[in-house]
Amino acid sequence: MTLTRLAACPYFTIDRVQLRGRSAWLTHGVSGNPDVVIAVEGTGELRFDPGNDSGEHAMPLAPGDTVLIPSDINGYTLLGAEHFLAIRTFYGSGGRP
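All of these numbers come straight from a predicted model, not from anything done at the bench.

### What about the pattern of salt bridges?
Close approach of charged atoms allows side chains with opposite charge to pair.
Consideration 1: All told, the structure shown has four salt bridges when counted by the stated rule.
Consideration 2: The partner of Arg5 in a salt bridge is Asp15, with the nearest N and O atoms 2.5 Å apart. Here Arg5 is found in strand 1 (residues 2–8), whereas its partner Asp15 is found in strand 2 (residues 12–19), with ten residues between them in sequence.
Consideration 3: Overall, the relative accessible area of 23% leaves Arg5 in the partly exposed class.
Consideration 4: Note that Asp35 and Arg88 form a salt bridge whose closest N and O atoms lie 3.5 Å from each other.

Structure follows, in structure tokens:
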């Protein structure tokens, strides 16, 4: 995974997430705030555990798909096919990408 910080200010942060046939575990950019993931190129999958004993859920992602990751989910996994590019944005300024 390649995570590149595109923009950051006190109000929001935007990261570019590039996957090539791999998966990446991501935690929220700022603890207690939701993340938004936008699929840009290729196909991928978002996996998460909502923590209610229902097990892991999977959601396919295609270009244009936008997902709000609630702040009460501990983290999530992005899986990419051969080429998958997404944008991740969140409220506030995060630490290092």
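### Observations regarding the pairing of strand 7 (residues 76–91)
Consideration 1: Relative to strand 7, strand 2 is paired through eight bridges, and the arrangement is antiparallel. Along strand 7, the bridge assignment pairs Leu19 with Phe84.
Consideration 2: Bridge count between strand 3 (residues 23–26) and strand 7: four bridges; the pairing is antiparallel. Residue pairing in the sheet places Leu26 in a bridge with Tyr76 of strand 7.
Consideration 3: Note: strand 4 (residues 35–48) against strand 7, twelve bridges, orientation antiparallel. Looking at strand 7, one finds that Val37 is bridged to Arg88.

### Overview of the environment of Glu82
Consideration 1: Relative to the assigned elements, Glu82 resides in strand 7.
Consideration 2: Along the backbone, Glu82 and Tyr11 are 71 residues apart, and their C-alpha atoms lie at a distance of 33 Å.
Consideration 3: Discounting residues that sit within four places of it in the chain, Glu82 has contacts with Leu19, Arg20 and Gly21.

### Remarks on the nonpolar core
Consideration 1: Ranked by internal contacts, the top residues of the largest apolar core, which has 16 residues, are Leu46, Leu61, Tyr76 and Leu78.
Consideration 2: If you list the elements that add at least two residues to this core, you get strand 2, strand 3, strand 4, strand 6 (66–69) and strand 7.
Consideration 3: Not counting residues within four places of it along the chain, the set of residues in contact with Leu46 comprises His57, Ala58, Met59, Leu61, Val67, Ile69, Tyr76, Thr77 and Leu78.

What counts, and where the lines are drawn
Residues numbered from 1 in each chain as written. Predicted model: local features only at pLDDT ≥ 70, side-chain atom pairs only at ≥ 80, totals over all residues. Heavy atoms only, no water. Salt bridge = Lys/Arg side-chain N within 4 Å of Asp/Glu carboxyl O. Helix = DSSP H or I, 4+ residues; strand = E, 2+ residues; numbered from the N terminus. Buried < 20%, exposed > 50% of the residue type's maximum accessible area, 1.4 Å probe, protein only. Pairing = 2+ DSSP bridges. Contact = heavy atoms within 4.5 Å. Core = buried A, V, L, I, M, F, W, Y, C linked by side-chain atoms within 4.5 Å.

Functional significance is not addressed by these values, which are geometric in nature.
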